[in-house]
Amino acid sequence: MVAGSGEHKAEPKHVHVKFSPEDTDVYDVITLYLEEAGRSPDTFWRSVGRLEKQDEDTMADLLISAFKAGTFFAREHPEQVRTVWVTEQECSQEQKEDSDEAKKAQSRKRESAAFSHYA
């Protein structure tokens, strides 16, 4: 018997960060961090709008701020942050489910708009 032939190699995993409640938006988390850190969310979000120019300095600032926001939020509101280690297959399944949910929500929104026409 060859060594290791009966072993099952574990599939590599990566981390997903989830917020509670589920409808918490990452943009709100970044804005909250910026406000608490004494920085201007308006200036930050205007910088985001200028990203079309592919400004490397702005991109670096955005990534650093997003990382700091996540760190701040995890430290100050740990009850609202959950990490989940997933395989690529689990990640793909999660993305598919999220996409399906988004499609259902969009369909409900169109349905509601159509019915409001008759109200």
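Every value quoted in this text rests on a predicted model; they were computed, and no experiment measured them.

Student: Tell me about the pattern of salt bridges, and please be specific about residues and values.
Tutor: The final tally for this structure, using the stated rule, is two salt bridges. Salt-bridge contacts for Arg75 lead to Glu76; the nearest nitrogen and oxygen are separated by 3.3 Å. Exposure remark for Glu76: the relative accessible area of 43% places this residue in the partly exposed category. The shortest N-O distance in the salt bridge between Asp100 and Lys96 comes to 3.3 Å. With Asp100 and Lys96 both in helix H4 (residues 88–116), this residue pair falls four residues apart, about one helical turn. The partly exposed category is assigned to Asp100, whose relative accessible area is 29%. Taking the relative accessible area as the measure of exposure, Lys96 reaches 48% and is therefore partly exposed.

Reading guide: rules and limits
Starting from 1, residues in each chain are numbered consecutively following that chain's sequence as written. Restriction of local features to residues with pLDDT of at least 70 applies here, the model being predicted, together with a cutoff of 80 or more for giving and counting side-chain atom pairs; totals for whole chains, interfaces and linings are based on all residues. In computing side-chain values, all of the structure's heavy atoms are included and hydrogens and water are not. Every case where a carboxyl oxygen of Asp or Glu lies within 4 Å of a side-chain nitrogen of Lys or Arg is listed as a salt bridge. For each residue, the accessible area found with a 1.4 Å probe, counting protein chains only, is set against the maximum for its type, and the residue is called buried under 20%, exposed over 50%, and partly exposed in between. Helix and strand assignments come from DSSP, with helices taken as H or I runs of at least 4 residues and strands as E runs of at least 2, each series counted from the N terminus.

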